[in-house]
2 protein chains.
Amino acid sequence: MDSLPKDLFNPLDTENFVDESSRVLEFIADYYKNVENYPVRSQVKAGEMLCTGLNVVGFNWISSPAATELEAIVMDWMGKMLKLPQSFLFSGGGGGVLHSSTCEAIVCTLAAARDMALNELGADKITKLVVYGSDQTHFTLQKASKLVGINPNNFRAIKTSTLTGFALAPDDVRATMEADLASGLVPLFLCATIGTTALGAVDSLEEIGQVAKDYKLWFHVDAAYAGSACICPEFRLYLNGIELVDSISMNPHKWFLTNMDCCCLWVKNPSTLVDSLSTSPEILRNKATESKKVVDYKDWQIALSRRFRALKLWLVIRRFGVANLMEHIRSDIKLAKKFEGLVVEDERFEVVVPRKFALVCFRLKPRRSEEDGSKLNWKLLEEVNSSGKAFMIHAVVDGTFLIRCAIGGTFTEERHIDGLWKLIQENAADLLLFKNGCNIED
Amino acid sequence: MDSLPKDLFNPLDTENFVDESSRVLEFIADYYKNVENYPVRSQVKAGEMLCTGLNVVGFNWISSPAATELEAIVMDWMGKMLKLPQSFLFSGGGGGVLHSSTCEAIVCTLAAARDMALNELGADKITKLVVYGSDQTHFTLQKASKLVGINPNNFRAIKTSTLTGFALAPDDVRATMEADLASGLVPLFLCATIGTTALGAVDSLEEIGQVAKDYKLWFHVDAAYAGSACICPEFRLYLNGIELVDSISMNPHKWFLTNMDCCCLWVKNPSTLVDSLSTSPEILRNKATESKKVVDYKDWQIALSRRFRALKLWLVIRRFGVANLMEHIRSDIKLAKKFEGLVVEDERFEVVVPRKFALVCFRLKPRRSEEDGSKLNWKLLEEVNSSGKAFMIHAVVDGTFLIRCAIGGTFTEERHIDGLWKLIQENAADLLLFKNGCNIED
């Protein structure tokens, strides 16, 4: 790690890691050695190793007050780092919960929206409910929508294009909803994305939020990937319009130095979640719950039992601090910019979609105008991945095959970017030589 | 731990724990120190710490072949330990997956059953589907049923009683289904339980399975708690009739020395799960998946990404071995038997439901025949729990308030049982004295 430039962020020193982790181990061992001396009903307040080593089972407040309180605190912290409106924080009547995945977050908010609608319309109307996203929305929305019983025919993936940078066009959303209303269907749930998976595109919360407001449907924002970047003032603009949103999720396990699994979900109106997901069997009855002064996270999620994920996120925030976390994001984006620059400099290549975060979508330009270059770029990607030195994934957008270079590995440095680009260039040169020699069909 | 009797199983030596875990730490640190020397596309084959430390993200086979293959192997191992029919094993055309919770397992199997039915009946018939369990079935069935869009009015919690030891009575199940059919509804899904949460009751798979067969519905078995015991030949009888079952789940994190979260689900016909839950966006396309020779676990579960849970279970099985795992189960049951004996010996108390596993349901007998003893037992439980020395949970069955003593803590020894019983007796004596003196109303 000696070679690490000062302006790049180093999140993990492997020597320190062993030292510190050993102290955690001693703590866990001491805990079990002396377990008899601790009262059963209270809870230690203590990292992932800690989270796992202590095996805390936090379904309701009474079973693990510390885990519950810490989660609420950490969710408010994260919310403040993102400058979410007060209405999403516990301190403002909203609240946040840690889920295992975006899919869980969307399943739970969809169920809440569905049940709120069916309470009004009657249970039989479930077959009329419609869910909206774009053709760039993560497929988890479609999966979650099917999972909660929305008719698969009532899922709309609204088409996007280069015109909007692959973001949802408000007029298209309105037109789709009008058509559904005209055929007797009921718009239920609309999902916008901050940083789509394939291209890193951003839907405008201000514009789409206004549509959601006009049609009175539940507006969810999936900020799984790029939500982390919004802690930096220069990226906070992507959350403009957040006050029009009912729920927002982001995944610290993607780009916030947190291990799998950890997905933050904030909702403005937690009672909608609880109404849909709560269960109050006799076996879980207790004074704390009945006082209604506590949060029972089992009613905010799919499962009853839950892991002590808050500890992971708490440690990440406490250890690095907001300033370092911003540096981590900026460091990755700096590397992506560097890679983007290398692509632009080489006229055989092109950047296909403008870069916003740490994802560069590029391709080898087709050699002749009548070719689309898909086969050529597929071959290039296959060669690079087969080398075992890098792994990139492709995307197909508007029929164009492109290669995605995503910076986000914890240890990526400038020399890795240089090495990757050299590898790509070498393979491209070989391919182009071979292609020209053999005149292979593209 | 010196005082541990030879015939009780000791699963964790805290000194060894630190030694061994330190070696795991060194391994993880070395992995990251030398991460550049490893090829990107292959995967290390390596416990929870390992599972977490390596942060493996196993959505599909190609992203983590080792995690996928290990999970398939471990699930076949567990299946063989339980002597499941060949049809539940990968080697026999079925297969198993590790979920985070019983709720996830039931959500996924319910969705599979629902979509199989709706493919035949049409999507609009979702409002007609009915789900069946008993009044002792874990409430997760009701939650999952609502979650996947079953009309909340179409959930049946069939009443049980002391007559069947709180197991489902086949005739009652048939009568309930007949009534639903008569009113135009469609029986979809029936859940039986091996070891209910409140009382440890067992539904007969042979009897209930025959009903499921006659009415052609999906038959799921929730063996979350007592499934672990079925690895012992003397408890395997509770799985008789398993060949009539479509899916079965059990939680190693409950009674199999495995940390949260870890729930095994086996299905006879994995394609029903995949048909309901699969997603094949361009970004995840790869040769391995298209060959159809590999398992993509993302299509067997709710989320896309997944933790490397197989490593935990693999370590538990490899470290302890089947014989020791049986000893662990028998050791807990022996302690529960001891506690049961202490209750029976004291004529002020009674065992309310016959004990099958390591759960003893007991209460202080009411003092006068016109009393039901609920207040008295509630007070006793509150006193014991307030001491901080033990924590037990109550249940209310047929209007009777009872106290549940569940043995299963990793470090429970005979002296703890003696101590607990002494604590209960002392508090009971105080209560009875006070009650007699003051003649408080029960």
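Since we're looking at a predicted model, the values are computed, not measured. Once a new chain begins, its residue numbering starts again from 1 and follows that chain's sequence as written. Lettering for chains starts from A, numbering for ligands starts from 1, and both go in the order in which the items are written. In view of the model being predicted, local features appear only for residues whose pLDDT reaches at least 70, and side-chain atom pairs are presented and counted only at 80 or more, with totals across whole chains, interfaces and linings using the full set of residues. As a convention, hydrogens and water are excluded, and side-chain values are obtained from all of the structure's heavy atoms.

This paragraph deals with the sheet that holds strand E2 (residues 129-134) of chain B. Residues and elements named next belong to chain B. The sheet built from seven strands is open, its strands ordered E1-E7-E6-E5-E4-E2-E3 with mixed pairing. The two strands at the open ends of the sheet, each matched to only one other strand, are strand E1 (95-99) and strand E3 (155-158). Each strand of the sheet is rotated relative to its neighbour by a mean of 20 degrees, with strand direction disregarded. When DSSP finds at least two bridges between two strands, those strands are taken to pair. We count a stretch as a helix when DSSP gives it H or I for four or more residues in a row; a strand needs E for two or more, and each element gets its number in order from the N terminus. Note: strand E6 (residues 247-250) against strand E7 (residues 263-267), four bridges, orientation antiparallel. Bridge assignment links Ser249 to a residue of E7, and that residue is Leu265. Docked against the sheet, helix H5 (residues 140-147) engages E2, E3 and strand E4 (186-193), running at close to 170 degrees with respect to E2. In this analysis, two residues are considered to be in contact whenever any of their non-hydrogen atoms come within 4.5 Å of each other. What counts as an axis is a line fitted to C-alpha atoms, over the stretch in contact for a helix, and the angles between N-to-C directions run from 0 to 180 degrees. Contacting E2, E3 and E4, helix H6 (residues 170-182) runs over the sheet at an angle of about 155 degrees to E3.

Attention shifts here to the packing of aromatic side chains. Aromatic pairing here means that ring centres of Phe, Tyr or Trp (its six-membered ring) are within 6.5 Å. Orientation follows from the plane angle: under 30 degrees is stacked, over 60 is edge-to-face, and everything else is tilted. Taken as a whole, this structure holds 18 aromatic pairs over all chains when the rule is applied. Note on A:Phe235 and A:Phe357: the rings are 6.0 Å apart at their centroids and 50 degrees apart in plane angle, and the pair reads as tilted. Taken together, the positions of A:Phe235 in the loop between strand E5 (218-222) and strand E6 (247-250) and A:Phe357 in the loop between strand E8 (349-353) and strand E9 (359-364) put the pair 122 residues apart, joining distant regions of the chain. With a 1.4 Å probe rolled over the protein chains alone, any residue whose accessible area is under 20% of its type maximum counts as buried; one over 50% counts as exposed, and the rest are partly exposed. The class for A:Phe357 is buried, based on a relative accessible area of 2%. Geometrically, the ring pair formed by B:Phe339 and B:Phe362 is edge-to-face, given 5.3 Å between the ring centres and 70 degrees between the ring planes. Remark: B:Phe362 occurs in strand E9 (residues 359-364) and B:Phe339 occurs in helix H11 (residues 310-345); sequence separation between them is 23 residues. With respect to class, B:Phe339 is no different from B:Phe362; both count as buried. Ring pairs connect the aromatic residues A:Tyr225, A:Phe235, A:Tyr238 and A:Phe357, which therefore count as one cluster.

Here, a salt bridge means any Lys or Arg side-chain nitrogen found within 4 Å of an Asp or Glu carboxyl oxygen. Within the structure shown, the criterion is met by 28 salt bridges over all chains. Across the pair A:Glu383 and A:Lys379 runs a salt bridge, and its minimum N-O distance is 3.6 Å. Separated by four residues within a single helix, A:Glu383 and A:Lys379 lie in helix H12 (residues 374-386), roughly one turn from each other. The class of A:Glu383 is partly exposed, set by a relative accessible area of 32%. In this structure, B:Arg348 engages B:Asp346 in a salt bridge whose closest nitrogen and oxygen atoms are separated by 2.7 Å.

Next up on the list: helix H4 (residues 102-121) of chain B. Residues and elements named next belong to chain B. For H4, with 20 residues, the first-to-last C-alpha span of 28 Å sits near the 28 Å given by 1.5 Å per residue. Along H4, 16 of the 20 residues are buried, which leaves the element largely enclosed by surrounding structure. Just downstream of H4 lies Gly122, where phi reads positive at about 100 degrees. In this analysis, the expected span of each helix is defined as 1.5 Å times one less than the number of residues it contains.

In this section: the domain arrangement of chain A. Residues and elements named next belong to chain A. What the domain assignment reports for chain A is domain 1 (57-306) and domain 2 (323-438). Between domain 1 and domain 2, the residue contacts involve 25 residues of the former and 20 residues of the latter. Note: buried area is the sum, over both parts, of the accessible area (probe 1.4 Å) each one loses when the two are combined. Here domain 1 meets domain 2 over a buried area of about 2000 Å², counting both sides, of which 71% is carbon and sulfur. The interface formed by domain 1 and domain 2 holds one salt bridge in total. The partner of Arg330 in a salt bridge is Glu234, with the nearest N and O atoms 2.6 Å apart. N or O atoms within 3.5 Å of each other form a polar contact, as long as, within protein, one can give a hydrogen and the other can take it, and as long as residues adjacent in sequence are counted only when both atoms are side-chain atoms. Across the domain 1-domain 2 interface, the total number found is four residue pairs in polar contact (both at pLDDT 80 or more). Counted by class, the side of domain 1 that touches domain 2 contains 16 nonpolar, seven polar and two charged residues. For the domains described, the bounds stem from an automatic or database domain assignment. Polar here means any residue other than Ala, Val, Leu, Ile, Met, Phe, Trp, Tyr, Cys and Pro, which are nonpolar, and Asp, Glu, Lys and Arg, which are charged; Gly is therefore polar.

Once that is clear, we can look at unusual backbone geometry. The phi dihedral of A:Lys216 falls on the positive side, at around 55 degrees, and the residue is not glycine. Looking at the element boundaries, A:Lys216 is found in the loop between helix H7 (205-214) and E5. For A:Lys216, a relative accessible area of 73% translates into the label exposed. Positive phi outside glycine occurs at B:Phe166, with the angle close to 65 degrees.

Let us look at the pairing of strand E1 (residues 95-99) of chain A. All names here are of chain A. The buried fraction of E1 is high, at five of five residues. Judged by which residues are buried, E1 turns out to be covered on both faces: Gly95, Val97 and His99 on one side and Gly96 and Leu98 on the other are all buried. Where E1 lies against strand E7 (residues 263-267), five bridges are found, and the strand directions are antiparallel. Directly across from Val97, in E7, lies its bridge partner Leu265.

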